[in-house]
Amino acid sequence: VGAATTEGGTEAEIKIPRTLQGIVSARLDRLDNKTKAVLRYASVIGKNFRKDVISRVTQYDATMKKEIGSSLDESLDKLLAEGLLMIIYEREDLLEYTFKHSMTYEVVYNSMVEEMLKEVHGMVGESIEFLNGDRIEEYYEILANHFELASNLDKCIHYYELSGDKLAKAYINKEALDCYHKCVIALKKEAELTNIEQSLVNQKLSDIYYKAGMIYY
């Protein structure tokens, strides 16, 4: 059992029968280490993922550059040939892949240890920020979700609030309230874990409660 995040920002409980998980795992074990690493990082981005995002994530630091090197294209081609991935969108400046089978995606995501997941979710969030600066509002909730799973509470709070504001302006009230609720939870958690002044937390909570209340006004 685990929790995976799609690039659309939704979080889902994953339950896989042991026998099926074993079959999928045995198939994945036949891949070389670099290709398995690419697949793991891709699973953190989501079931669907863009090539520019996986490219930036796999070149994020010296460790990843050493692990993946210049073999990203080769690894993605292998995963296509193995029937593990498929291309769902292609144009000159954009290539988007998906895991061909949800179970493969789930097994790969669940194979990662918690600390590694936190680290990679943070890298994914920062990569999406960097690559989409001119249309970042399209990714507010996706970013909030990635930073929440990375335990980056400052950015999690920031993006859930922005997402709530955007949804409220569009009168998508139920989803807006959900984002504000998640923002409140993260604020309270941050207050418990840091030395942030309680007055600042209370002011921020007051702002969020006011915004949520205005939906019912």
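Residues numbered from 1 in each chain as written. Predicted model: local features only at pLDDT ≥ 70, side-chain atom pairs only at ≥ 80, totals over all residues. Heavy atoms only, no water.

Draft legend 1. Local environment of the pattern of salt bridges. Within this structure, the stated rule accounts for 11 salt bridges. We note a salt bridge from R50 to D52, for which the minimum N-O separation is 2.8 Å. Residue D52 is classed as partly exposed on the basis of its relative accessible area, which comes to 28%. Ionic pairing is found between K155 and E129, a salt bridge with its closest N-O pair at 2.8 Å. Of the two residues, K155 is situated in helix α9 (residues 153-169) and E129 in helix α7 (residues 114-131); the sequence distance between them amounts to 26 residues. Look at K155 and you get partly exposed, because its relative accessible area is 26%. The network of salt bridges with common partners includes D32, E74 and K78. (Salt bridge = Lys/Arg side-chain N within 4 Å of Asp/Glu carboxyl O. Buried < 20%, exposed > 50% of the residue type's maximum accessible area, 1.4 Å probe, protein only. Helix = DSSP H or I, 4+ residues; strand = E, 2+ residues; numbered from the N terminus.)

Draft legend 2. View of the packing of aromatic side chains. Per the counting criterion, the structure on display carries five aromatic pairs. For the ring pair F99 and Y105, a centre distance of 5.4 Å and an interplane angle of 55 degrees mean the geometry is tilted. Between F147 and Y159, the ring centres sit 6.0 Å apart and the planes meet at 10 degrees, which makes this aromatic pair stacked. Taken as a pair, F147 in helix α8 (residues 140-149) and Y159 in helix α9 lie far apart in primary sequence, 12 residues in all. Among the aromatic residues, those joined into a ring-pair cluster are F49, Y97, F99 and Y105. The aromatic ring of F130 is capped on one face by R56, whose charged end is 3.6 Å from the ring centroid. (Phe/Tyr/Trp six-rings, centres within 6.5 Å; stacked < 30°, edge-to-face > 60°. Lys NZ or Arg CZ within 6 Å of the ring centre and 35° of its normal.)

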